[in-house]
Amino acid sequence: MEPLHEALRLIKRQTELENAMRRPGGIRVTEERELFQLRNALTQYPAALTAIVEAAARMKRPIDTISVSDIERSTQ
């Protein structure tokens, strides 16, 4: 899988887990472990992560609402 696609998928899942932690009832231990694994996996894609963050900032949108095509358009 392309690094940009994979990094964006990981970021979106990370956001889902973080939002689940904020809801009443909290989060299960397995989900918390998954969150740590996701954060660790994201370190493998520093260039893709930078491109995603910069594109979201340029577009003034939350990271989890953008797509790969949005990122590609903003970097051209």
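Placed above this text is the structure.
The paragraphs below set out a description of the structure included in this document. (Residues numbered from 1 in each chain as written. Predicted model: local features only at pLDDT ≥ 70, side-chain atom pairs only at ≥ 80, totals over all residues. Heavy atoms only, no water.)

1. Notes on the pattern of salt bridges
With the rule as written, the count across this model stands at 7 salt bridges. When the shortest N-O distance is used, the salt bridge between Glu6 and Arg9 registers 2.7 Å. One end of the pair is Glu6 and the other is Arg9, both in helix H1 (residues 3-22) and 3 residues apart, which spans about a single turn. When the shortest N-O distance is used, the salt bridge between Asp70 and Arg73 registers 2.4 Å. On the criterion of helical spacing, the pair formed by Asp70 and Arg73 is a turn pair, its members being 3 residues apart in helix H4 (residues 68-74). Arg73 sits in the exposed class, given a relative accessible area of 54%. Taken together, the shared-partner salt bridges connect Arg13, Glu16 and Glu34 into one network. (Salt bridge = Lys/Arg side-chain N within 4 Å of Asp/Glu carboxyl O. Helix = DSSP H or I, 4+ residues; strand = E, 2+ residues; numbered from the N terminus. Buried < 20%, exposed > 50% of the residue type's maximum accessible area, 1.4 Å probe, protein only.)

2. With respect to unusual backbone geometry
Its identity is not glycine, yet Lys60 carries a phi of approximately 55°, on the positive side. Summarising the element assignment, Lys60 is placed in the loop between helix H3 (46-59) and H4. The exposed category is assigned to Lys60, whose relative accessible area is 75%.

3. Some thoughts on helix H2 (residues 29-42)
Helix length check: H2 (14 residues) gives 20 Å between terminal C-alpha atoms against 20 Å at 1.5 Å per residue, within 8%. When we look at burial in H2, the residues that qualify are Leu35, Leu38, Ala41 and Leu42. Down the axis of H2, the buried set is contained in an arc of 125°. They therefore lie on one face. Turned more than 90 degrees away from the buried face of H2 sit Val29, Thr30, Arg33, Phe36, Gln37 and Asn40, all of them exposed. (Expected span 1.5 Å × (residues − 1). Arc of directions from axis to C-beta.)

It is worth stressing that arrangement in space is one thing and function is another; only the former is reported here.
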